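Residues per chain, in single letters:
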Amino acid sequence: MVFGTRARYTRFLVIVAVFTLVLYTYRDRISEGSFYSLQGFNSNAAIGPDGHFDWSKLPIRHPVSSLHPVPTGEPLRLPKVQHTFPQESPKDKQVREQRRDAVRDAFVRGWESYKKHAWMADELAPISGRSKDHFGGWAATLVDALDTLWIMDLKDEFAEAVAAAVSIDFSGTTMEEINVFETTIRYLGGFLSAYDLSGDERLLIKAKELGEMLLVAFDTPNRMPVTRWRVNDARKRYAQEAHEVSLLAEIGSLTMEFTRLSQITNDSRWYDATYRIMEVFEAQQGQTRLPGMWPILVNAKSMNFTWHGSFALGAMADSLYEYLPKMHALLGGLEPMYEKLYHDAMAASIQYTIFRPMTPDSADILIAGTANVNEDMTGGLDFSGQHLVCFAGGMFGLGGKLFKDDKHLDIARRLTDGCIWTYRALPLGIMPEVFSITECPTNAPCAWNETYWKERVLNRKGRKATQGGATADMVIETDRLPKAFTAIGDRRYVLRPEAIESVFVMYRITGREDLLASAWDMFNAIQENTKTDLANGALADITRKDGKVTVVDSMESFWLAETLKYFYLVFSEPEVISLDDYVLNTEAHPFKVPKPRVG
């Protein structure tokens, strides 16, 4: 394979635009081409005593002949993940608890505003106080934050939230379609983790109710799920097919939640549904243009997971890879497929997507970019980074511990430090959504070279700008580029958790004290710049140096479910959600890890 690293390739945002165009090109064919109503089915027969539609009573169009059972043998004794922390001094404990309580105060402030202004809606608009429904209208923020309430010892608020959550009606939605992945990670994950922590049976009943609904998205001729799903049409039992264009993460990141539901209920239907998807990933892992990894777009209808040419650990792919070591732990090491999938995927990723940037301080850090491979097997690496891909440090750390791989632990350290470095490099102390950065020159020492940086700035800007007489200094000033950066493709910060996620995981794995200081710096920078009268809002441009930082009227549910939870856990006692006892899904919902019997 010819795989250069110096050529300029399509930027991440162009990939997103192309995907959006393709998705909408196929949308009519996906949504209308094969839909017809089944005669003779009376949906009123599926109305339960509570007035809600009972999805379990909906006739199945494409039943399976046999189920793949959840592994039920004695779980393996997995390697210890968490660092053995020494007894902390009274002074260190006081500082840690003060920081923990500051995070808790930020959560309570946002939660109280949600209760007052947007109760039972999906999101609070943190400036106007309006409510928003982007995720089915089923109170996403409420369900997403259930386990955070429990972990932060807000038990009265938890009880109130559970009483409200169990009244949610999953009979239908006011939205044209829902995202099955987002519904799974936020709602199903939220119910399951809150049940795992509290033991409240009402939450398990609600998880199963939602699980019955989500299974209907798999009722297609090949049992591949409809990822952008018309719930109201499905309730009428219209025929449906999997999409010809699906995001890798959206079809490959349902495993943890479906597996945990099957484990708790002793019902293998959910495990079976996602196991069938993973069989396809396993069979085609070596057949893609970048063997070991899968492209960010796949064809679920034809079950072709090899056709596209862009490969990354970040957006549109991220949680598929994240779930590989976590599924190994969640299944007690009893399913060998996930270890192999992880090792082969990470070997390709290390070779082709991860690079060292050239920085003024010669920092020993790594960034994960996007590899583009053409049909003739030529291609190259786009030297870009994303806030989303900052989860990868924690993933490599967990994989390194579970599979006893010191190389992965070193990569985990350098990836996590890369995200910390990027936070510090920007004027607000917050990293952007998407950026491009100067790579270390091939076959040359990675010492800072200002001339080379400016060459890369102009190269990234493109021929049109340089023909117009633009100089590197002009581009750097106009685009507000810190040293080492060649472009900032998306200047927003949307309250994302991925950087603090890896800081948390790596602190629990290594015990590195400097990570606590980094976490505190990150928290203060975010609080100082995103705080509104009600809660916290996204930022439009984190490159502003003139004080004109615009806070956007948006606060996704993951602010309370993930970002503040990870900050809180960093400053909590190590036994609170120990990584030896729990694995956290991609929405930071902890699921219990099965343990072997003692003795």
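Residues numbered from 1 in each chain as written. Predicted model: local features only at pLDDT ≥ 70, side-chain atom pairs only at ≥ 80, totals over all residues. Heavy atoms only, no water.

In this section: the overall build of the protein chain. Each helix and strand counted, the protein chain has 21 helices and 17 strands in total. Relative to the 2.2 N^0.38 estimate, which gives 25 Å for 599 residues, the radius of gyration of the protein chain is 24 Å and therefore close to what a compact globule would have. C-alpha atoms of the protein chain, sized along the principal axes, occupy 70 × 65 × 55 Å. Counting across all 599 residues of the protein chain, residues that qualify as buried make up 61%. Across the protein chain, every contact between residues at least 6 apart in sequence was considered, and the portion connecting residues at least 24 apart equals 73%. With the model as given, the accessible surface of the protein chain reaches about 22800 Å², and the carbon-plus-sulfur share is 49%. (Helix = DSSP H or I, 4+ residues; strand = E, 2+ residues; numbered from the N terminus. Rg over C-alpha atoms; globule rule 2.2 N^0.38 Å. Buried < 20%, exposed > 50% of the residue type's maximum accessible area, 1.4 Å probe, protein only. Contact = heavy atoms within 4.5 Å. Areas by Shrake-Rupley, 256 points an atom, 1.4 Å probe, with all protein chains shown as cover.)

With that out of the way, let us pick up the environment of S262. Tracing the backbone through its elements, the reader meets S262 in helix α10 (residues 255-265). Looking at S262, the relative accessible area reads 2%, which means it is buried. Residues S262 and E322, 60 residues apart in the sequence, show an inter-C-alpha distance of 20 Å. Among the polar contacts made by the side chain of S262, one reaches the main-chain carbonyl oxygen of D267 at a distance of 2.6 Å. Polar contacts involving the side chain of S262 include one to the main-chain amide nitrogen of Y271, which spans 2.9 Å. (Polar contact = N/O pair within 3.5 Å; in protein donor to acceptor, adjacent residues only side chain to side chain.)

Here the focus is the packing of helix α7 (residues 201-216) against α10. Between α7 and α10, whose axes approach to 11 Å, the crossing angle comes to 125 degrees. Taken together, the axes of α7 and α10 lie oblique to each other. Seen from above, α7 lies across α10 with left-handed handedness. Residues L204, A207, K208, G211, L214 and L215 of α7 form the contact with α10, whose participating residues are F258, L261, I264 and T265. (Axes fitted to C-alpha atoms, helices over the stretch in contact; angles between N-to-C directions. Parallel < 35°, antiparallel > 145°, perpendicular 65-115°, else oblique. Left-handed = near helix turned anticlockwise from the far one by under 90°.)

Evaluated as defined, the whole model comprises 26 aromatic pairs. Considering the side-chain rings of W55 and W229, the 6.0 Å spacing of their centres and the 50 degrees angle between planes classify their relative orientation as tilted. Of the two residues, W55 sits in the loop between α1 (12-31) and α2 (90-118) while W229 sits in strand β5 (residues 228-229), which places them 174 residues apart along the sequence. Relative accessible area serves as the criterion here: at 3%, W55 is assigned to the buried category. Between W138 and Y187, the aromatic rings sit 5.7 Å apart at their centres with planes inclined by 75 degrees, giving edge-to-face as the arrangement. Linking W138 in the loop between β3 (131-132) and α3 (140-144) with Y187 in helix α6 (residues 180-198), this pair joins segments that are 49 residues apart in sequence. (Phe/Tyr/Trp six-rings, centres within 6.5 Å; stacked < 30°, edge-to-face > 60°.)

What follows covers helix α12 (residues 318-330). Counted at 1.5 Å a residue, the expected span for α12 with its 13 residues is 18 Å, and the 18 Å between its end C-alpha atoms agrees. Of all 13 residues in α12, 13 are buried, a share of seventy percent or more. Trailing α12 by a residue or two, G332 shows a phi angle of about 65 degrees, which is positive. (Expected span 1.5 Å × (residues − 1).)

It is worth spelling out the pairing of strand β11 (residues 370-373) at this point. For a regular strand, the rule is simple: side chains alternate between the two faces of the sheet. Because side chains alternate across β11, one face comprises the buried residues T370 and N372, and the other comprises A371 and V373, equally buried. Of the pairings in the sheet, the one linking strand β8 (residues 310-312) to β11 comprises three bridges and is antiparallel in character. From the neighbouring strand, S310 faces β11, where its bridge partner is N372. Pairing of β11 with strand β12 (residues 378-382) involves four bridges; the strand directions are antiparallel. Along β12, the bridge assignment pairs V373 with G379. Counting the residues that bridge the hairpin from β11 to β12 gives four residues, and of these M377 lies at a positive phi of roughly 70 degrees. (Pairing = 2+ DSSP bridges.)

Okay, the sheet that holds strand β15 (residues 485-490) next. Strand order in the open sheet made by the three strands is β13-β14-β15, with antiparallel pairing throughout. Of all the strands in the sheet, the pair left with one neighbour each is β13 (384-386) and β15. Averaged over all neighbouring strand pairs, the angle between strand axes comes to 25 degrees, with direction disregarded. Bridging between strand β14 (residues 434-437) and β15 involves three bridges; their strand directions are antiparallel. Considered in β15, the bridge of I437 is made with F485. Sheet strands in contact with helix α16 (residues 450-461) are β14 and β15, and its direction is about 35 degrees off that of β15.

Inspection of every chain in the model, using the stated rule, returns 41 salt bridges. When the shortest N-O distance is used, the salt bridge between D410 and R413 registers 2.7 Å. Residue D410 and its partner R413 are located together in helix α15 (residues 406-425), separated by three residues, close to a single helical turn. Judged by its relative accessible area of 26%, R413 is partly exposed. (Salt bridge = Lys/Arg side-chain N within 4 Å of Asp/Glu carboxyl O.)

On to the state of the cysteines, then. On inspection of all chains with the given rule, the structure shows two disulfides. Between the sulfur atoms of C440 and its disulfide partner C446 the distance amounts to 1.7 Å. What sets the handedness of the C440 and C446 disulfide is the S-S torsion sign, and at about -55 degrees it is left-handed. Looking at C440, the relative accessible area reads 16%, which means it is buried. Note on C446: relative accessible area 15%, which makes it buried. Taking only the cysteines that form disulfides and numbering them from first to last, the protein chain has the pattern 1-2, 3-4. (Disulfide = S-S within 2.5 Å.)

Our next topic: the side chain of Q284. Note on placement: Q284 falls in helix α11 (residues 269-284). Residue class for Q284 comes out buried when judged on its relative accessible area of 12%. If near-sequence neighbours (up to four positions away) are discounted, Q284 is found in contact with W294, M303, N304, F305 and T306.

Turning our attention to the confidence of the model for the protein chain. Across the protein chain, the average pLDDT comes to 92, with 91% of residues at 70 or higher. Predicted confidence is poor over residues 2-40, with pLDDT under 50, and the contacts of this stretch with residues over four places away or in other chains come to 87 contacts. (pLDDT = per-residue confidence, 0-100.)

Of note in this structure, R223 is not a glycine but carries a positive phi near 65 degrees. Mapped onto the fold, R223 is located in the loop between α7 and β5. In this structure, N266 takes a positive phi of about 55 degrees despite not being glycine. You can see N266 is positioned in the loop between α10 and α11.

This next bit is on the environment of Y321. Its location among the elements puts Y321 in helix α12. The contacts of Y321, once residues within four sequence positions are left out, are L248, M293, W294, A312, L313, A345, M346 and M395. A distance of 3.1 Å separates a polar atom in the side chain of Y321 from the backbone nitrogen of W294.

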